[in-house]
Amino acid sequence: MNFIELLAAVKNNPASAGRLIEMYRPMLTKAAIVDGVFDEDLHQELVIVLLRCVRSFKI
């Protein structure tokens, strides 16, 4: 499955977002570290924003 197919799959069925989230996990984790401490709530918000962006992205 290529990237565009993955985006389409997640857009049509958000339950299939696991692979996309795993792909971006390092970036999301790095962005969720504040003052050297991992902020779990921020990480969750970042995942939600990622999924919202995919949903609104035109393929």
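Residues numbered from 1 in each chain as written. Predicted model: local features only at pLDDT ≥ 70, side-chain atom pairs only at ≥ 80, totals over all residues. Heavy atoms only, no water.

*Asks:* I tried to follow the packing of helix H2 (residues 18-31) against helix H3 (residues 40-56) on my own but got confused; where do I start?
*Replies:* Working note: a packed helix pair is described by the angle between its axes plus the distance between those axes. At a closest axis distance of 10 Å, the pairing of H2 and H3 adopts a crossing angle of 135°. Taken as axis vectors, H2 and H3 run oblique relative to one another. Remark: the crossing between H2 and H3 carries right-handed chirality. Contacts from Leu-20, Ile-21, Tyr-24, Arg-25, Leu-28, Thr-29 and Ala-31 of H2 reach H3 at Leu-42, His-43, Leu-46, Val-47, Leu-50, Leu-51 and Val-54. Residue classes in the contact of H2 with H3 are distributed as eleven nonpolar, two polar and one charged. (Axes fitted to C-alpha atoms, helices over the stretch in contact; angles between N-to-C directions. Helix = DSSP H or I, 4+ residues; strand = E, 2+ residues; numbered from the N terminus. Parallel < 35°, antiparallel > 145°, perpendicular 65-115°, else oblique. Left-handed = near helix turned anticlockwise from the far one by under 90°. Contact = heavy atoms within 4.5 Å. Nonpolar A, V, L, I, M, F, W, Y, C, P; charged D, E, K, R; others polar.)

*Asks:* I tried to follow the nonpolar core on my own but got confused; where do I start?
*Replies:* General note: in soluble globular proteins, nonpolar side chains tend to be found buried as a group. Ranked by size, the top nonpolar core spans ten residues in total: Leu-6, Leu-7, Val-10, Ala-17, Leu-20, Ile-21, Leu-28, Val-47, Leu-50 and Val-54. For this core, the secondary-structure elements that each account for two or more residues are helix H1 (3-12), H2 and H3. In contact with Ala-17, other than residues within four places in its own chain, are Val-10 and Leu-51. (Core = buried A, V, L, I, M, F, W, Y, C linked by side-chain atoms within 4.5 Å. Buried < 20%, exposed > 50% of the residue type's maximum accessible area, 1.4 Å probe, protein only.)

*Asks:* How should the packing of H1 against H3 be read in this particular structure?
*Replies:* H3 packs onto H1 with a crossing angle of 100° between their chain directions and a minimal axis gap of 9 Å. Taken together, the axes of H1 and H3 lie roughly perpendicular to each other. Every residue of H3 that contacts H1 at Leu-7, Val-10 and Lys-11 is listed here: Leu-51, Val-54 and Arg-55.

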